[in-house]
Each structure stands twice: as C-alpha cells, then as structure tokens.
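Fold and contact review
Here's the letter readout for the chains.
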Amino acid sequence: MNLTYGAEDEEFRAGLKAWLAAVLPGLPPRPDPSDWPGRRAYDTGWQRRLYDAGYADVHWDASPTRRLIFLEETERAGAPYVGANFVGLLHAGPTIAAEGTPGQRARWLAPVLRGDEVWCQGFSEPDAGSDLASLRTRAVRDGDAYVVTGAKIWTSHAEVADWCELLVRTDPDALKHRGITWLAMPMDAPGVTVRPLRTLAGSAEFAEVFLDEVRVPVANRVGAENDGWRVTMVTLSYERGTAFVGEVVACRRVLAEIAAEAHKNGRWDDPVIRRRLGGLYAEFSALWRLIQWNVSESERGGGAPGAGGSVFKLRYSHARQDLYDAAAAVLGPDALDLDREWTLDRLSSLSYTIAAGTSQIQRNIVAERILGLPKGR
C-alpha cells in the first residue's frame, strides 16, 4: 500500500529538509563511542537543537504520519539519532504522554524534549527477560513512598540516566500480570547501584542495576497500582511499532552501499550474491510498506501502534541479520576486521531477535492477537 501524504505533510517535509541542510554541517564531531558523558552531551545537545527549531515533540505530540516523515528525513540526511535518550523519547515519553496525569506530563515531558533529562528502562531481570511478567523486584508501600528492592539487567544507558521507567511487583499474591506497577525512579536515589555490561561488539550501553530499599514517591507511579502490565503494553507497542523506522531507512541505505561494494570488488559477478541482495531489496521494501500500513492503522486507532508492530519487529529482526550476513559475504575475509562498521553492526544485529521482545514472544502475539489462536500453555 501507499500512505497518502497531504499538502501540510509535504510542507512539513520540505521545511525539515531545508532546516537539516542548514544545521547539520555545523554540528561538532561525534564523541568517541566509549565516552558516555560526551555521548550524552552530544545527543542531548542535538535534542536541544530540535526543541529550539520546533521539532522536538514529534515523538508523541505529532501524528504518526508526521513522525514517520521526521524519522525518514533525519535518517536520510545523516542526522544524529536519539542516542542516549532513546528510552525517554521513544518509550517513557510516549507512555507518560498517554497514561500520565497532567502533573506528570508537565514534570517529565518538557525536560525530555529539551534534552535536559535522560531516561533508562528497568524492565528485564536476570530471571525475567522474555517472560517479563515473572519479574520479582518488590515495591512495598510505606506511606507516600514505595520501598523497592531487587535487580534489573540490560538497562539501556543507565550509567548516564537521570530517570528509570521501572516495573515492580506490588502484589505478590496476584496473578503475575496483575500485580505489577510502573514507576518513574530517580537514578540518584540512595540505594541505586549501576554496573555497566560490555557487549559482544565491545560497547557498554547496557548495565545491571541493583536496588536496595530505594524509596520512590507514590506520586511517581504512572497508572494505577497493579495496573502496570497494561501501561507496559503501551510502552512496548511504541518500542515495537514506530521506534525502528529510522533503522529501516538506514538498512536500505546500507544495502545500497553493500551493492556498490560488490560492484567494486567483483563479487557482483556472482549470481548468488545478486539474488541475495535482490531478495533483501524486496524484503526492506516490504518492511517499509508494513511501516506505512502500521502508521495508517495507528492514525485510525488513536496514535498508539497495535499488534502490527509485532509483525514488523519479528520480520525486521531477522532481515537485519540477513543484511549484515550478506555484507560479510560481499566483504569476504575483510568481514573479520573489527574496525569495519559493518562487522560491528553484524555483531550487534544478533541481539535484535532478543531485544524489545524475543522473536518467540512476537510469534505468540501474532498468533493470539491477529490469528486468533488459543494461548499456549
């Protein structure tokens, strides 16, 4: 299908492209990947530029179509991505915008949009990853605060975050999906310990977070007590819906670069390589159409992505792995060079079938919510 863009949408696109062309040449150089304070400053500095230019609210106040145009054009122009504050802009922010009280929206949304505050995600635990509802981090009500004890893992950018969107168990006797609460936890609260984790690619954007009787104000609860699973589904629908739009645009660009490299080093003469790259071209073209379909559905459904986001996330995770496997086939022995960006991207692509909900979880969602199959036991 083709998403229809109106005159106002095209006017927005033209203005954004002109602004990007004027601003991007004057950006400072990107910091070293291991310099996390520098990366935070760079990413939030870019966010402040977007805020001052009137583009910062695109992630939740704009329509899904306008958000799609923004992500498409910024990626095509090579603009910085959300970086260290992707949780605030793509997960916590949209969730608070949809589920928070007026006071919560006033307190937390503007600092995210200005680049003043960075968020991390405290969902997964050592024994509750794919089965997120099995989480055991406890929160006990004590007056006007919850006392939180437990541990989280794969907490993105925790080492530079100001806030954490935190899932806790507030009713240990309820069914596991019904005893969970969504809290906004300040990362500088007493009892919070952060331990960085190093990935296969050598980066350290994840961390373990240990919580030892951390006091979180009840006023920081988003949604009702024990209603956190429903609130979390709002968060995850954004994570699996429109959060990967820019990455699909980037993958289509990388595919063109791989084809150019194949022409350059002679591997284009191999019919197997040509068929492989042609198949990937069709794959990412279909994924882009699926994004447009999801955006159309989101427009009709009030703004939040639906179960179609799981269809997209499932196929995209595997297509990304196939893309960088094809890059390795084109590079040959050079694919072992860890100084090559494609090599590092190939290593990181392995995580995509796990991060943001494993492929097995996505298949269950598709089976139950789209195909109407009975729940597995």
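I will try to describe carefully the structure that is included in this document. Source: prediction; values computed, not measured.

Brief notes about the packing of helix 1 (residues 7-23) against helix 2 (residues 36-53)
Where helix 1 meets helix 2, the closest approach of the two axes is 12 Å, and the angle between their N-to-C directions is 135°. Comparing their axes, helix 2 and helix 1 come out oblique. Crossing handedness for the pair helix 1 and helix 2: right-handed. Note on element contacts: helix 2 touches helix 1 through Trp-46, Arg-49, Leu-50 and Ala-53, opposite Trp-19, Leu-20 and Val-23. Grouping the constituent residues of the contact of helix 1 with helix 2 by class yields 6 nonpolar, no polar and 1 charged.

Digging into the packing of aromatic side chains
The tally for this structure, following the rule as stated, stands at 7 aromatic pairs. Arranged with centres 5.3 Å apart and planes meeting at 50°, the rings of Trp-19 and Tyr-55 form a pair that is tilted. Here Trp-19 is found in helix 1, whereas its partner Tyr-55 is found in the loop between helix 2 and helix 3 (64-76), with 36 residues between them in sequence. Exposure remark for Trp-19: the relative accessible area of 17% places this residue in the buried category. Judged by its relative accessible area of 12%, Tyr-55 is buried. Judged by centre distance (5.5 Å) and plane angle (75°), the ring pair of Trp-108 and Trp-163 falls under edge-to-face.

As for the pairing of strand 5 (residues 180-186)
For strand 5, the buried fraction is high: 7 of the 7 residues fall into the buried class. By the alternation rule, side chains of strand 5 split into Ile-180, Trp-182, Ala-184 and Pro-186 and Thr-181, Leu-183 and Met-185, which are all buried. Pairing geometry for strand 4 (residues 163-169) and strand 5, over 7 bridges, is antiparallel. When the sheet's bridge partners are listed, Cys-164 is paired in strand 5 with Met-185. Summarising the sheet, strand 5 and strand 8 (residues 221-222) pair through 2 bridges and their orientation is antiparallel. Counted as the bridge partner of Trp-182 is Val-222 from strand 8.

Rules of the game
Residues numbered from 1 in each chain as written. Predicted model: local features only at pLDDT ≥ 70, side-chain atom pairs only at ≥ 80, totals over all residues. Heavy atoms only, no water. Axes fitted to C-alpha atoms, helices over the stretch in contact; angles between N-to-C directions. Helix = DSSP H or I, 4+ residues; strand = E, 2+ residues; numbered from the N terminus. Parallel < 35°, antiparallel > 145°, perpendicular 65-115°, else oblique. Left-handed = near helix turned anticlockwise from the far one by under 90°. Contact = heavy atoms within 4.5 Å. Nonpolar A, V, L, I, M, F, W, Y, C, P; charged D, E, K, R; others polar. Phe/Tyr/Trp six-rings, centres within 6.5 Å; stacked < 30°, edge-to-face > 60°. Buried < 20%, exposed > 50% of the residue type's maximum accessible area, 1.4 Å probe, protein only. Pairing = 2+ DSSP bridges.

Function cannot be inferred from these measures alone, as they are strictly geometric.
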